[in-house]
Amino acid sequence: ASFAQESARLYEGVVQVCMMLDAIHPGEGFDRRAFDYSERGRARAFLDLLAESRADVNAGLTEEQRRRRTQVYRELSKASAALARADSPAERNKLKAAEEAVADWAREVRAENPTYSRVHYPSPLTSAEAQRAAAGAPAVFLVYQLGDRQSVGWLIGGSTFHAVRLPPRATIESAVMLYRNSLSRLPASNISPAKSEEVARKLYAMLITPFGDSLKSKKSWIVVADGTLHYLPFEA
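All of these numbers come straight from a predicted model, not from anything done at the bench.

Peer 1: Before we move on, can you summarise the environment of Leu10 with the specific residues and values?
Peer 2: Relative to the helices and strands, Leu10 resides in helix α1 (residues 2–24). The exposed category is assigned to Leu10, whose relative accessible area is 62%. For the pair formed by Leu10 and Tyr37, sequence separation is 27 residues and the distance between their alpha carbons is 9.9 Å.

Peer 1: Can you lay out the pattern of salt bridges for me, pointing to particular residues and giving the numbers?
Peer 2: Think of it this way: side chains of opposite charge can pair up when their charged atoms draw near. With the rule as written, the count across this model stands at twelve salt bridges. The partner of Arg67 in a salt bridge is Glu64, with the nearest N and O atoms 2.6 Å apart. Of the two residues, Arg67 and Glu64 are both situated in helix α3 (residues 63–85); the distance of three residues between them amounts to about one turn of the helix. One salt bridge connects Lys202 with Glu198, and the closest N-O pair in it is separated by 3.5 Å. In this pair, Lys202 and Glu198 both sit in helix α8 (residues 193–207), four residues apart, roughly one turn of the helix.

Peer 1: Quick one: what's the story with a nonpolar patch on the surface, residue by residue and with numbers?
Peer 2: Residues Tyr204, Trp221 and Val223 make up a contiguous nonpolar surface patch of roughly 280 Å² in combined accessible area. With respect to the helices, strands and loops of the structure, Trp221 is situated in strand β4 (residues 221–224). For Trp221, a relative accessible area of 35% corresponds to the partly exposed category.

Peer 1: Please set out the packing of helix α7 (residues 169–184) against α8 residue by residue, giving values where relevant.
Peer 2: Think of two packed helices as two axes; the pair is described by the angle between the axes and how far apart they sit. Their axes nearest at 9 Å, the elements α7 and α8 cross at an angle of 145 degrees. α8 is crossed by α7, and the crossing has left-handed handedness. Contacts between α7 and α8 pair Thr171, Ile172, Ala175, Val176, Leu178, Tyr179, Ser182 and Leu183 from the former with Ser196, Val199, Ala200, Leu203, Met206 and Leu207 from the latter.

Peer 1: Tell me what's going on with the nonpolar core, and back it up with residues and numbers.
Peer 2: Counting residues in each nonpolar core, the largest one holds 21 residues, and the members touching the most others are Tyr144, Leu203, Leu207 and Leu229. Put simply, the parts of the chain that give this core at least two residues each are β1 (140–145), β3 (161–166), α7 and α8. Apart from the residues within four sequence positions on either side, Leu203 is in contact with Ala175, Val176, Tyr179, Ile208 and Leu232. With 14 residues, the next largest nonpolar core counts Cys18, Met19, Ala34 and Ala130 among its residues.

Peer 1: Before we move on, can you summarise the packing of aromatic side chains with the specific residues and values?
Peer 2: One pair of aromatic rings is described through two measures. These are the centre distance and the angle between the planes. On inspection of all chains with the given rule, the structure shows five aromatic pairs. Judged by centre distance (5.6 Å) and plane angle (75 degrees), the ring pair of Phe35 and Trp154 falls under edge-to-face. Linking Phe35 in helix α2 (residues 30–52) with Trp154 in strand β2 (residues 151–156), this pair joins segments that are 119 residues apart in sequence. Phe35 sits in the buried class, given a relative accessible area of 3%. Accessibility expressed as a relative area gives 0% for Trp154, which makes it buried. Pairwise contacts between aromatic rings join Phe35, Trp154 and Phe161 into one cluster. Looking at Arg32, its charged tip hangs above the ring of Phe161, at a distance of 4.3 Å from the centre.

Peer 1: Summarise the side chain of Glu12; cite the residues concerned and give the values.
Peer 2: If you trace the backbone, Glu12 turns up in helix α1. For Glu12, a relative accessible area of 13% puts it in the buried group. Within the structure, Glu12 has its side chain in polar contact with the backbone nitrogen of Asp148 (distance 3.1 Å). Apart from residues no more than four positions distant in its own chain, Glu12 is found in contact with Gln145, Leu146, Gly147, Asp148 and Arg169.

Basis of the calculations
Residues numbered from 1 in each chain as written. Predicted model: local features only at pLDDT ≥ 70, side-chain atom pairs only at ≥ 80, totals over all residues. Heavy atoms only, no water. Helix = DSSP H or I, 4+ residues; strand = E, 2+ residues; numbered from the N terminus. Buried < 20%, exposed > 50% of the residue type's maximum accessible area, 1.4 Å probe, protein only. Salt bridge = Lys/Arg side-chain N within 4 Å of Asp/Glu carboxyl O. Patch = residues over 30% accessible without salt bridge, like charges linked within 9 Å, V, L, I, M, F, W, Y side chains within 5 Å. Areas by Shrake-Rupley, 256 points an atom, 1.4 Å probe, with all protein chains shown as cover. Axes fitted to C-alpha atoms, helices over the stretch in contact; angles between N-to-C directions. Left-handed = near helix turned anticlockwise from the far one by under 90°. Contact = heavy atoms within 4.5 Å. Core = buried A, V, L, I, M, F, W, Y, C linked by side-chain atoms within 4.5 Å. Phe/Tyr/Trp six-rings, centres within 6.5 Å; stacked < 30°, edge-to-face > 60°. Lys NZ or Arg CZ within 6 Å of the ring centre and 35° of its normal. Polar contact = N/O pair within 3.5 Å; in protein donor to acceptor, adjacent residues only side chain to side chain.

Spelled out as structure tokens, the structure:
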């Protein structure tokens, strides 16, 4: 779990840097790079989820490929341990050779076993590919990524790619949970219908209004949520 959290922070950090650069150098594609790294982070999270669920992620490998995988990773582990014990040019060369053997094995598997390759080496959609996917549907994608300092949203259509900066994770999480409590009419919430509507309007202002008029011509939205936004009924 701690590895998954650190992995998520790394991707989130890269997205934040890209958006900072986009503010300094608008129009140079940093908003698209931010989206690409966000999608890589989602793929990484999906792989972690598969590992935690103990899914059969080895389906499609031949016995020989499984045997060789065990061998190359064993050699990589030995070389890493040896280098940790004694740093020397010889040990660094052994580690490099072991890493190259793992890379060679991975290239072969990608070519020969597409099913295994799609699970272990996913190719997330790039911003251009997401636009092509949106062009074939009468809808736009609303993609969100929450962040500690700021969150990011992307509006993606066949001819549209627009990134916006949103409030930080804590602000959005607080508003989402308050709105959910008001909808469920929890006795402990003490939230009136008027207060519920006020919270809803604030959430709309946080998550939808920043995209401007770009959404008005689209009747269908495909929402790609993140974090606590998975618990937000956007249709409400």
